[in-house]
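Here's the letter readout for the chains.
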Amino acid sequence: MTARLSALIDGGYPPGVYRWPSRAHPGALGRELAGSGWSGYELSGVTDVGRLFAECADIMAFPGWFGHTWEGLADCLADLSWLSGTGHVLLWERYGTLADTDLKAWRRAYETLERAVAARVRYAVPPLYVLLRGSGPDLSPLDGTPIRVLPAVTASAGSRPRRAR
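So, here's what we can say about the structure. For every chain, the first residue of the written sequence is number 1, and numbering continues from 1 along that sequence. Side-chain atom pairs in this predicted model are given and counted only at pLDDT of 80 or more, local residue features only at pLDDT of at least 70, and totals for whole chains, interfaces and linings cover all residues. Hydrogen atoms and water are omitted, and side-chain values are computed over all heavy atoms in the structure.

**Looking at the pairing of strand S3 (residues 88–93)**
- Only protein chains enter the accessibility calculation, which uses a 1.4 Å probe. A residue is then buried if its area is under 20% of the maximum for its type, exposed if over 50%, and partly exposed in between. Labels follow the DSSP assignment, with helices taken as runs of H or I lasting at least four residues and strands as runs of E lasting at least two, numbered in each case from the N terminus. Most of S3 is tucked away: 6 of the 6 residues are buried.
- Of the two faces of S3, the one carrying His88, Leu90 and Trp92 and the one carrying Val89, Leu91 and Glu93 are both buried.
- Bridge analysis of strand S2 (residues 39–43) against S3 gives 5 bridges, and the strand direction is parallel. Within the sheet, the bridge partner assigned to glutamate 42 lies in S3 and is leucine 91.
- For S3 and strand S4 (residues 128–133), the ladder comprises 6 bridges, and the chain directions are parallel. Bridge pairing in S4 places valine 89 opposite tyrosine 129. Strands qualify as paired when DSSP identifies two bridges or more between them.

Have a look at this one:
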């Protein structure tokens, strides 16, 4: 595996929502993840809440009980038991589009992603990482703190990446 996601897969960064400045092709990332037993999903074209629900349901094969609601999205992302993989990476391309068109929806989406990641940590199931890529907000819509950044290339060969705080 290249250094693009090895620090994440090796546990160098805790599960969470990160901004990710990499320009790596999603197909290459998917192959790298699959080679390590992980699963990757690309979310793009999200311009509104309905599209967010539909895209997530489609790319992550949500079960029929998903009700296209915020609670349903949180429940599905916290579960993911129907998916294989020792970890999951959701790459949200052009995430800023939703923030530009609907700040309230962006806030709810961010909050839902954070809650789902935390639930997966609490229940000790395979981790979920959400990588926000492209232009968009640098600050959390929940509390105004900077959204953590996962470096595009984290370490040189043989060195251990620093843990994110």
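**Some details on the side chain of threonine 112**
- By the secondary structure assignment, threonine 112 is in helix H6 (residues 103–122).
- With residues near it in sequence (within four places) discarded, threonine 112 still touches Trp70, Leu73 and Ala74. The contact definition used throughout considers only heavy atoms, calling two residues in contact when any of these lie within 4.5 Å.

**Re the packing of aromatic side chains**
- Two aromatic rings from Phe, Tyr or Trp, using only the six-membered ring of Trp, form a pair when their centres are within 6.5 Å; if the ring planes differ by under 30 degrees the pair is stacked, by over 60 it is edge-to-face, and anything between is tilted. Within this structure, the stated rule accounts for 11 aromatic pairs.
- Taking the centre distance of 6.3 Å and the plane angle of 85 degrees together, the rings of tyrosine 13 and tyrosine 18 count as edge-to-face.
- One aromatic cluster is present, formed by Phe53, Phe62, Trp65, Phe66, Trp70 and Trp82 through successive ring pairs.
- For arginine 122, the ring lying beneath its charged end belongs to tyrosine 123, and the centroid distance is 5.3 Å. Here, over-ring charges are defined by two tests on the NZ atom of lysine or the CZ atom of arginine: distance to the ring centre within 6 Å, and angle to the ring normal within 35 degrees.

**Side note on the pattern of salt bridges**
- Here, a salt bridge means any side-chain nitrogen of Lys or Arg that lies within 4 Å of a carboxyl oxygen of Asp or Glu. According to the stated counting rule, one finds 5 salt bridges in the structure shown.
- With a shortest N-O distance of 3.2 Å, arginine 51 and glutamate 55 are connected by a salt bridge. Note that arginine 51 and glutamate 55 are positioned in helix H3 (residues 49–59) at a spacing of 4 residues, about one turn of the helix.
- Look at arginine 51 and you get partly exposed, because its relative accessible area is 38%.
- The partner of arginine 133 in a salt bridge is glutamate 93, with the nearest N and O atoms 2.4 Å apart. Of the two residues, arginine 133 sits in strand S4 while glutamate 93 sits in strand S3, which places them 40 residues apart along the sequence.
- Relative accessible area serves as the criterion here: at 10%, glutamate 93 is assigned to the buried category.
- Shared partners join several salt bridges into a network, and the residues in it are Glu71, Arg108 and Glu111.

**Notes on the packing of helix H4 (residues 70–79) against H6**
- Angles here are taken between N-to-C directions and fall from 0 to 180 degrees, while the axes themselves are lines fitted to C-alpha atoms, restricted in helices to the stretch in contact. It is the contact of H4 with H6, at a shortest axis distance of 8 Å, that shows an interaxial angle of 30 degrees. Of the possible angle classes, the one that applies to H4 and H6 is roughly parallel. The handedness of the crossing between H4 and H6 is right-handed. Across the interface between the two elements, Trp70, Glu71, Leu73, Ala74, Leu77, Ala78 and Asp79 from H4 touch Ala105, Arg108, Ala109, Thr112, Leu113, Arg115, Ala116, Ala119 and Arg120 from H6.
- Gly counts as polar in this scheme, as do all residues outside two lists: the nonpolar Ala, Val, Leu, Ile, Met, Phe, Trp, Tyr, Cys and Pro, and the charged Asp, Glu, Lys and Arg. Looking at the contact of H4 with H6 residue by residue, the class counts come to 10 nonpolar, 1 polar and 5 charged. Roughly parallel covers angles under 35 degrees, roughly antiparallel covers those over 145, roughly perpendicular covers 65 to 115, and oblique covers all other angles. Each helix crossing is assigned a hand: it is left-handed if the near helix lies turned anticlockwise from the far helix by less than a right angle, otherwise right-handed if that turn is clockwise.

**Topic: the nonpolar core**
- Definition of nonpolar core: a set of buried residues of the types Ala, Val, Leu, Ile, Met, Phe, Trp, Tyr and Cys, connected through side-chain atoms within 4.5 Å. Among the nonpolar cores identified, the biggest contains 33 residues, and Leu52, Phe62, Leu73, Trp92, Trp106 and Leu132 are the most heavily contacted of them.
- Going through the elements one at a time, S2, H3, H4, S3, helix H5 (96–101), H6 and S4 are the ones with two or more residues in this core.
- Tallying contributions element by element places H6 first for this core, with 7 residues.
- When neighbours within four sequence positions are excluded, tryptophan 92 is seen to be in contact with Leu43, Val46, Leu52, Leu98, Trp106, Ala109, Leu113, Leu131, Leu132 and Arg133.

Read these as geometric descriptors, not functional statements.
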